[in-house]
Amino acid sequence: MSTLAIHNGRVIDPALGRDGIADVVIVDGRIARVGPNEGDMVVEAERIDATGLIVTPGFVDLHTHLREPGQEHKETIATGTRAAARGGYTTVCAMPNTTPPLDSKAAVESVLREAELSAIVRVLPIGTITRGRAGKELSPAGELAASGVVALSDDGDAVADPSLMRHALEYSTRFGLPIAQHCEDPSLVAGGHMHEGWVATRLGLRGRPASAEETFVARDIALAELAGAHLHICHVSTAGSVALIAAARARGARVTAEVTPHHLTLTHEEVAFGADYQSAKYITNAKVNPPLREEADLAALAIALRDGVIDCIATDHAPHSTSDKEIEFDLASPGLTMLETSFGLCMKLVHDGTLSLPTLIERLTIGPVRAWGLDTRAGLEGIGTLAPGALGDVTLLDPNADWTVDPSTFASKGHNTPLGGRQLRGRVVATIFGGRLVHETDRVVAL
Ligand code: DOR
């Protein structure tokens, strides 16, 4: 029998409405007891002193690019899950825009097999909506569901054909899988490389308008209502999308949504100026699809996240190699590496008073779990909570620790972040997966 006792932390478990000083005891990989002084009741335990720290369920990311199979120079399941552990994540849902894409049982099994061998946190694969992500014909959703995928998505690209999207939504209801759509109309964003606004004009770049996202959000909500299906909107980035989602949810439509740490905290000005307003640059590490938007969008996203119109934070961790990024802006790959900076970046919203800490923790733990019903899947009962019997996945946080982002220390192969050199306040101190420490900093004190 193995026992880990985490003593005297502030335990925040939004699923149970718990917030108070307590010990967490994990026995044989499952939560055994949570309560004041419970750790003192067990003998023969490995012990951690969490005095002054926050103790939460392990974070759950619905949107991670692990790049394996096929793009192991950008990331592997081994490196991506190590980055996840450093970011406090104990579960990551792996996007299927791999090479080959995850559009068959064989491809999904290859991910699950590799995860068994090299992952240090849980990997839940996502299958494609269309074969080869080509947007022409549906993937075999039944085969993918039976292989264990938790959602279907062509992320990176939208399913553009409305009739195909309608059928994808209808078909998904047979298997109880959400359809996670990357909402950007390809014809409206063609040739665009950043948000359509004054910064793009200044840089002489063609933009991707907010309406390219909003027209697809509106269209897909209508199709989901027609099909009675579960639509999940990936990386919401505009105030207009927020209004559409709020209205759909008020009508009772099965629409869930995620927002990324970067869309919540960084504007399009990041592309030209970064941390320094002296001269305009072309910062490819701030190039991402959908693009970073404007202050008014950030404000609307934060309020929507606070009020639960947006269910959760998802990282859209999109590692790329240096050669994908250190090239002309038009040619650079979109996306930024995010797992290791997610918590620190999101904490900005807590420090500026927009979100309470328990609300932020909700949106990183049980929020994503409930959005996709992950806790109803066999083997995942008790994910996202510290209830007795739940999975022994725990994250320890120091919400006030200042640290400087240094991409050269990342576990991820992707160093493509615009945050290098910036100070963040709020740090992941340790991550425990199935009762075992998979990440620890020098702030962890054994008792
Ligand atoms: O910027 C992005 N990069 N957006 C996506 O949707 C896909 C991602 C990637 O896979 O690199």
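Report on the accompanying structure. (Residues numbered from 1 in each chain as written. Predicted model: local features only at pLDDT ≥ 70, side-chain atom pairs only at ≥ 80, totals over all residues. Heavy atoms only, no water.)

**Focus on the pairing of strand S8 (residues 122-125)**
Thought 1: Side chains of S8 alternate between two faces, with Arg122 and Leu124 and Val123 and Pro125 buried alike.
Thought 2: Inspection of the sheet shows strand S7 (residues 89-94) paired to S8 by four bridges, in the parallel sense. Paired with cysteine 93 across the strands is leucine 124, a residue of S8.
Thought 3: Assessed by its sense of winding, the connection that carries the chain from S7 through helix H2 (residues 105-118) to S8 is right-handed. (Buried < 20%, exposed > 50% of the residue type's maximum accessible area, 1.4 Å probe, protein only. Helix = DSSP H or I, 4+ residues; strand = E, 2+ residues; numbered from the N terminus. Pairing = 2+ DSSP bridges. Right-handed = clockwise from strand over helix to strand, strands pointing away.)

**Some details on the environment of leucine 292**
Thought 1: Within the element layout of this structure, leucine 292 appears in the loop between helix H10 (269-273) and helix H11 (295-307).
Thought 2: Taking the C-alpha atoms as reference, leucine 292 lies 27 Å from threonine 130; in sequence the two are 162 residues apart.
Thought 3: Not counting the four nearest positions on each side in its chain, leucine 292 is found in contact with His195, His262, His263, Leu266, Thr267, His268, Glu270 and Ala286. (Contact = heavy atoms within 4.5 Å.)

**Notes on the sheet that holds strand S9 (residues 152-153)**
Thought 1: An order of S9-S10-S13-S14-S15 is seen for the five strands of this open sheet, with the pairing classed as parallel. Of all strands in the sheet, those bounded by a partner on one side alone are S9 and strand S15 (312-313).
Thought 2: Note that S9 and strand S10 (residues 179-181) share two bridges and pair parallel. Residue pairing for S10: leucine 152 is matched across the bridge by isoleucine 179.

**Some remarks on the packing of helix H1 (residues 77-86) against H2**
Thought 1: Where H1 meets H2, the closest approach of the two axes is 9 Å, and the angle between their N-to-C directions is 65°. Like other packed secondary-structure pairs, H1 and H2 cross with a definite hand, here right-handed. Between H1, through Ile77, Ala78, Thr81 and Arg82, and H2, the contact on the second element is made entirely by Val111, Glu114, Ala115 and Ser118.
Thought 2: Residues of the contact of H1 with H2, tallied by class, amount to four nonpolar, two polar and two charged. (Axes fitted to C-alpha atoms, helices over the stretch in contact; angles between N-to-C directions. Left-handed = near helix turned anticlockwise from the far one by under 90°. Nonpolar A, V, L, I, M, F, W, Y, C, P; charged D, E, K, R; others polar.)

**A closer look at the site of the ligand**
Thought 1: Taken together, 14 residues lie around the ligand, and Arg67, Asn97, His182, Asn289 and His320 are the ones closest in.
Thought 2: A distance of 3.0 Å separates an oxygen atom of the ligand from a polar atom in the side chain of histidine 182.
Thought 3: The contact in question runs from an oxygen atom of the ligand to an N or O atom on the side chain of histidine 320, over 2.9 Å.
Thought 4: Protein contact buries 94% of the 290 Å² of open area that the ligand shows by itself. (Near = heavy atom within 4 Å. Polar contact = N/O pair within 3.5 Å; in protein donor to acceptor, adjacent residues only side chain to side chain. Areas by Shrake-Rupley, 256 points an atom, 1.4 Å probe, with all protein chains shown as cover.)

**Quick look at the nonpolar core**
Considering soluble globular proteins, one finds that nonpolar side chains tend to be buried as a cluster.
Thought 1: By size, the foremost hydrophobic cluster in this structure holds 72 residues, and its most contacted members are Leu169, Ile233, Ile310, Phe343 and Leu360.
Thought 2: Per-element tally for this core: the top contributor is helix H7 (residues 210-227), with six residues.
Thought 3: When residues no more than four places from it in sequence are discounted, the contact partners of isoleucine 233 are Gln181, Cys183, Val217, Ile221, Ile245, Val255, Thr256, Ala257 and Glu258.
Thought 4: Judged by nonpolar contacts, the second largest core, of 22 residues, contains Leu203, Leu205, Val271 and Leu419. (Core = buried A, V, L, I, M, F, W, Y, C linked by side-chain atoms within 4.5 Å.)

**A word on empty space enclosed by the protein**
Thought 1: Considering all chains together, one arrives at one cavity of 30 Å³ or more under this definition.
Thought 2: In this structure, the largest cavity encloses a volume near 40 Å³.
Thought 3: Considering the residues around the largest cavity, the lining is formed by Ile129, Leu138, Ser139, Ala141, Leu152, Ala168, Tyr171, Ser172 and Ile179.
Thought 4: Of all the elements, helix H4 (residues 162-175) adds the most residues to the lining of the largest cavity, at three residues. (1 Å grid on protein atoms, 1.4 Å probe; cavity = no way out; pocket = protein on both sides within 12 Å on 5 of 7 lines; lining within 4 Å. Points joined across faces, edges and corners; volume = space filled by probe spheres on them.)

**Some thoughts on the sheet that holds strand S6 (residues 59-64)**
Sheet strands pair via backbone hydrogen bonds, and the direction of the pair is either parallel or antiparallel.
Thought 1: Judged by pairing direction, the sheet is parallel, and its three strands sit side by side in the order S6-S7-S8 without closing on themselves. Each edge of the open sheet carries a strand with a single partner, namely S6 and S8. Taken over all neighbouring pairs, the strand axes of this sheet differ in orientation by 20° on average, direction set aside.
Thought 2: Alignment of S6 against S7, held across four bridges, turns out to be parallel. Along S7, the bridge assignment pairs threonine 64 with alanine 94.

**Some words on unusual backbone geometry**
One can expect most non-glycine residues to show negative phi and most peptide bonds to be in trans.
Thought 1: The step from threonine 99 to proline 100 runs through a cis peptide bond, and the omega angle for that step is 5°.
Thought 2: Mapped onto the elements, proline 100 comes out in the loop between S7 and H2.
Thought 3: Geometrically, the link from asparagine 289 to proline 290 is a cis peptide bond, its omega value of -10° lying close to zero.
Thought 4: Here proline 290 lies in the loop between H10 and H11.
Thought 5: With a phi angle near 65°, asparagine 8 is a residue other than glycine that sits in the positive phi range.
Thought 6: For asparagine 8, the position within the fold is in strand S1 (residues 3-13).
Thought 7: Residue class for asparagine 8 comes out partly exposed when judged on its relative accessible area of 34%.
Thought 8: A positive phi is found at glutamate 44, a non-glycine position, where the angle reads about 55°.
Thought 9: The residue glutamate 44 is located in the loop between strand S3 (30-35) and strand S4 (46-49) in this model.

**A short note on the layout of surface pockets**
Thought 1: For the largest pocket, the calculated volume is near 490 Å³.
Thought 2: Gly156, Asp157, His182, Asn289 and Pro334 are, among the 26 residues lining the largest pocket, the residues nearest its centre.
Thought 3: Here the lining of the largest pocket is composed, by residue class, of eight nonpolar, eleven polar and seven charged.
Thought 4: Each pocket or cavity is described by its volume, and for the second largest pocket that value is around 300 Å³.
Thought 5: Forming the boundary of the second largest pocket are 18 residues, of which Arg86, Glu340, Trp403, Thr409 and Arg427 lie nearest the centre.
Thought 6: Residue assignment for the lining of the second largest pocket shows that the elements contributing at least two residues are helix H13 (342-351), strand S16 (394-404), strand S17 (423-433) and strand S18 (436-440).
Thought 7: Top contributing element to the lining of the second largest pocket by residue count: H13, with three residues.

Keep in mind these values describe shape, not function.
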